[in-house]
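Now for the letters of each chain:
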Amino acid sequence: MADRITENRNGRQEGTATEGASPAAPAPQASFAKAWLPLIITIVAMPALAYATTRFVLVPEMTRALKHTSAPSEEAAKTDKDSKDSKESKDGEGGSTDLKNKYTVPLSKILVNVAGTMGTRYLMTSITLVSSDPDLKQKVDDNRDQLMDLATSALCTKTITDLEKPGARNIIRSELITIFNNALGSAVIKEIYITELAIQ
């Protein structure tokens, strides 16, 4: 009888020990899951957040900025077209030879550093000079080095902001016409075509 009680007591003790040990086993798994849960949530949530930010914040802002930028440039283009049309009609009425006899001379590959970029960005452009003077080629050839120097001096003062403004090409064009005509001593250059303009 005593032996059975001992066995029962041992059995109960063993059973108690076994019952006490079984809840302790899942504890490391729970702490492991808690430790990795923030990382798993981050990995799952980041693509969704990136998509939402791009779709609902960045794209609308960029669209709004492009519309805002394109509106002034369209107005400038309309103004340029109207001024050219009026100039052509005046030239046709007055009998001017500006549009009848055009002589062109190219100035290619003008390369300058963009102002304010510490030499990390550069502007490369090619232009064509237009005149009604049949001696344009001779005059440009005689003064080519001076004209190239004047062009690079004018262009290297431009910043990225200046070059990205609406109508920047027209501003550059008018500045170069003025500078070149001053160098040549008369209003020889009537127009300048900007055939290349690249910022890198």
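Above: the structure in question.
Because the structure is predicted, anything quoted here is derived from the model rather than measured.

I'm lost on the overall build of the protein chain in this one. Help?
Across its full length, the protein chain carries six helices and three strands. Taken from the N to the C terminus, the helices and strands of the protein chain come in the order α-α-β-β-α-α-α-α-β. When each of the 200 residues of the protein chain is scored for burial, the buried share is 18%. For the protein chain, contacts bridging at least 24 residues in sequence account for 68% of all contacts bridging at least 6.

Looking at this structure, I do not really get the pattern of salt bridges. What am I missing?
Two side chains carrying opposite charge are able to pair once their charged atoms lie near each other. Considering all chains together, one arrives at seven salt bridges under this definition. A salt bridge links Glu191 to Lys102, with the shortest nitrogen-to-oxygen separation between them at 3.7 Å. A residue pair is termed long-range when its members are at least 10 positions apart, and Glu191 in strand β3 (residues 191–199) and Lys102 in the loop between α2 (27–94) and β1 (103–113) qualify at 89 residues. Among the residues examined, Glu191 registers a relative accessible area of 21% and is labelled partly exposed. Residue Lys137 pairs with Asp141 through a salt bridge whose shortest N-O separation is 3.4 Å. Separated by four residues within a single helix, Lys137 and Asp141 lie in helix α3 (residues 136–142), roughly one turn from each other.

Sorry, what's going on with the sheet that holds β1 here?
Within a beta sheet, neighbouring strands are joined by backbone hydrogen bonds and run either parallel or antiparallel to one another. Pairing within the open sheet is antiparallel, and its three strands lie in the order β1-β2-β3. Looking at which strands have only one partner, the edges of the open sheet turn out to be β1 and β3. Sheet twist, expressed as the average angle between the axes of neighbouring strands with direction ignored, equals 15 degrees. Looking at chain direction, strand β2 (residues 122–131) and β3 are connected through eight bridges and run antiparallel. Bridge assignment links Thr128 to a residue of β3, and that residue is Tyr193. Against the sheet, helix α4 (residues 144–155) contacts β1 and β2, and its axis sits at roughly 50 degrees relative to β1.

Can you walk me through helix α6 (residues 168–184) in this structure?
One turn of an α-helix holds 3.6 residues; hence residues three or four places apart share an orientation. Taking 1.5 Å per residue, 17 residues should reach 24 Å; α6 reaches 24 Å between its end C-alpha atoms and fits that length. Here α6 has its buried residues at Ala168, Ile172, Leu176, Ile177, Phe180, Asn181 and Leu184. Against the buried residues of α6 lie β1, β2, α3, α4, α5 (160–164) and β3. Positive phi appears at Gly185, one or two residues downstream of α6, with a value of about 90 degrees.

Where do I start with a nonpolar patch on the surface in this structure?
On the surface, a cluster of nonpolar side chains totalling about 640 Å² of accessible area is made up of Phe32, Trp36, Leu39, Ile40, Ile43 and Val44. Positionally, Ile40 belongs in helix α2.

Looking at this structure, how should I read unusual backbone geometry?
With glycine set apart, most residues show a phi of negative sign, and most peptide bonds adopt trans. In this structure, Lys109 is a non-glycine residue whose phi angle is positive, near 55 degrees. By the secondary structure assignment, Lys109 is in strand β1.

Looking at this structure, I do not really get the nonpolar core. What am I missing?
Soluble, globular proteins show a tendency: their nonpolar side chains are buried together. Judged by nonpolar contacts, the single largest core of 25 residues is most densely connected at Leu107, Ile127, Leu129, Leu176, Phe180, Ile189 and Ile192. Listed by contribution, the elements that provide at least two residues to this core are β1, β2, α3, α4, α5, α6 and β3. Take this core: its biggest share by element is five residues, from α6. Ignoring anything within four residues of it in the chain, the contact list for Phe180 reads Leu107, Ile127, Leu129, Leu147, Leu150, Ala151, Ile189 and Ile192.

Reading guide: rules and limits
- Residues numbered from 1 in each chain as written.
- Predicted model: local features only at pLDDT ≥ 70, side-chain atom pairs only at ≥ 80, totals over all residues.
- Heavy atoms only, no water.
- Helix = DSSP H or I, 4+ residues; strand = E, 2+ residues; numbered from the N terminus.
- Buried < 20%, exposed > 50% of the residue type's maximum accessible area, 1.4 Å probe, protein only.
- Contact = heavy atoms within 4.5 Å.
- Salt bridge = Lys/Arg side-chain N within 4 Å of Asp/Glu carboxyl O.
- Pairing = 2+ DSSP bridges.
- Axes fitted to C-alpha atoms, helices over the stretch in contact; angles between N-to-C directions.
- Expected span 1.5 Å × (residues − 1).
- Patch = residues over 30% accessible without salt bridge, like charges linked within 9 Å, V, L, I, M, F, W, Y side chains within 5 Å.
- Areas by Shrake-Rupley, 256 points an atom, 1.4 Å probe, with all protein chains shown as cover.
- Core = buried A, V, L, I, M, F, W, Y, C linked by side-chain atoms within 4.5 Å.

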